[in-house]
Amino acid sequence: MDMFCAGAFKGRTVFVAGGSSGINLGIAHRFGEMGANVALISRSEERVAAAAEEVKATGADCIGLAADVRDFDAVSRAFAKTSERWGPIDVVISGAAGNFLSPAVGLSANAFRTVVEIDLLGTFNVMRASFDHLRKPGASLISITAGQAKRPIMFQAHASAAKAGINNLTETLAMEWGPAGIRVNAISPGPIGDTEGMARLAPTDEATNAIKRRLPLRDYGAKRDIADAALFLSSDNARYITGVVLEVDGGLLLGDSSADALTVPQRRS
Ligand code: COA
Ligand code: NAP
């Protein structure tokens, strides 16, 4: 059963940073299916234009603009173009990110800075640049974080630090902008199949299977799982929810659950 009916977001405007591929493009698709107008930004003009064509195929009006989230002025221009076209912006998704596996000693200062600038500074830029263009009251801002923020993992010093900053920034903005009627939340995806992120973090079948074995729900999630959480958080049903980090992760953060509790011998009463 789908709790959202087609057209649920008709007339609303959604801005997706990092929207040319993967999870963020999946979110854009889902809002498009629900009737929203969608603006996408990413660095590559070609990739973001192709993604916009895909979203248009859902019947939505969609524009793809090239902008690097590290460049505040470029992001501001993209928001201005979006609100000139459709009016106040209802939903902002900040999901642009860069990541790779590397031990901390393999990271140059520039490598660390690059990931922090795309993920954390990029999220600040997107949220801050959106402010003057938002529907007030009523806008829903969502940052895309990751489990590393709360539970750091090895070879992810850069991404763990950046995503931890995003969680904190999300909470601060929820406090500062709540009085203006703006809700600010984060979604923390678990391992999601068919994405660049997991291709980089678990590039072999062995690594993939090891992750699945440790997850309570024993499988990767789908882009649609994250998109549905974004729809919910941006819907009127979530009108009293702000400042949360919503884990959509199959139980990942509960820890290693590879032991099968249901087959452990039970004590007789
Ligand atoms: N291990 C160690 N350092 C690495 C690295 C790796 N695997 N990949 C890149 N770096 C370093 C580079 O050597 C460079 O440091 P240096 O100048 O000291 O040599 C620094 O990171 C920046 O690299 P550069 O390629 O110039 O950055 P960019 O801005 O063009 O690209 C990245 C950013 C590196 C994050 C790139 O992987 C990217 O564009 N990613 C987007 C897609 C993605 O990561 N998706 C998954 C999202 S979870
Ligand atoms: P992806 O397909 O690589 O998506 C990253 C997007 O960000 C791309 O559209 C990329 O497009 C854009 N981007 C990168 N650097 C940018 C910059 N400087 N400015 C503007 N756009 C930029 O990755 P994904 O795996 O779907 O991940 C999407 C989000 O989910 C990320 O925030 C990631 O941390 C989070 N996440 C993913 C997983 C997972 O399982 N995949 C798990 C937890 C969290 P261009 O290259 O055109 O710029």
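Residues numbered from 1 in each chain as written. Chains lettered and ligands numbered in written order. Predicted model: local features only at pLDDT ≥ 70, side-chain atom pairs only at ≥ 80, totals over all residues. Heavy atoms only, no water.

Turning to the pattern of salt bridges, a few remarks are in order. Counting across every chain of the model gives 15 salt bridges. With its nearest N and O atoms 3.5 Å apart, the salt bridge here joins aspartate 236 to arginine 12. In this pair, aspartate 236 is assigned in the loop between helix H8 (223-234) and strand S7 (245-248) and arginine 12 in the segment before strand S1 (13-17), connecting sequence segments 224 residues apart. For aspartate 236, a relative accessible area of 52% gives the class exposed. Classification of arginine 12 by relative accessible area gives partly exposed; the value is 22%. Across the pair glutamate 196 and arginine 200 runs a salt bridge, and its minimum N-O distance is 2.8 Å. With glutamate 196 and arginine 200 both in helix H6 (residues 196-201) and four residues apart, this pair spans about one turn of that helix. Each of the salt bridges in this network shares a partner with another, and the network as a whole consists of Asp2, Arg30, Glu33, Arg224 and Asp228. (Salt bridge = Lys/Arg side-chain N within 4 Å of Asp/Glu carboxyl O. Helix = DSSP H or I, 4+ residues; strand = E, 2+ residues; numbered from the N terminus. Buried < 20%, exposed > 50% of the residue type's maximum accessible area, 1.4 Å probe, protein only.)

Below, the discussion takes up the layout of surface pockets. Gaps left between atoms show up when a probe the size of a water molecule is rolled over them. Each pocket or cavity is described by its volume, and for the second largest pocket that value is around 230 Å³. Along its surface, the second largest pocket is lined by 13 residues, and Gly181, Ile182, Arg183, Arg239 and Tyr240 are the ones closest to its centre. (1 Å grid on protein atoms, 1.4 Å probe; cavity = no way out; pocket = protein on both sides within 12 Å on 5 of 7 lines; lining within 4 Å. Points joined across faces, edges and corners; volume = space filled by probe spheres on them.)

Using the residue numbers shown here, the UniProt feature "domain: Ketoreductase" (unreviewed entry) corresponds to residues 12-190. Structurally, residues 12-190 comprises 46% helix and 18% strand, and the distance from its first C-alpha atom to its last is 28 Å. (UniProt positions renumbered as here; feature names shortened; annotations may be inferred.)

What follows deals with the site of ligand 1. Of all residues adjacent to ligand 1, which total 16 residues, the nearest are Arg43, Asn99, Ser108, Asn110 and Arg200. Contact distances for ligand 1 include 3.0 Å between an oxygen atom and a side-chain N or O atom of arginine 43. Between ligand 1 and asparagine 110, the relevant distance is 2.9 Å, taken from an oxygen atom to a side-chain nitrogen or oxygen of the residue. When ligand 1 is considered free in solution it has 940 Å² of accessible area, and contact with the protein chains removes 56% of it. Among the elements of the structure, helix H4 (109-130) and H6 are those that each provide at least two residues to the shell around ligand 1. Considering only residue class, the shell around ligand 1 consists of four nonpolar, eight polar and four charged. (Near = heavy atom within 4 Å. Polar contact = N/O pair within 3.5 Å; in protein donor to acceptor, adjacent residues only side chain to side chain. Areas by Shrake-Rupley, 256 points an atom, 1.4 Å probe, with all protein chains shown as cover. Nonpolar A, V, L, I, M, F, W, Y, C, P; charged D, E, K, R; others polar.)

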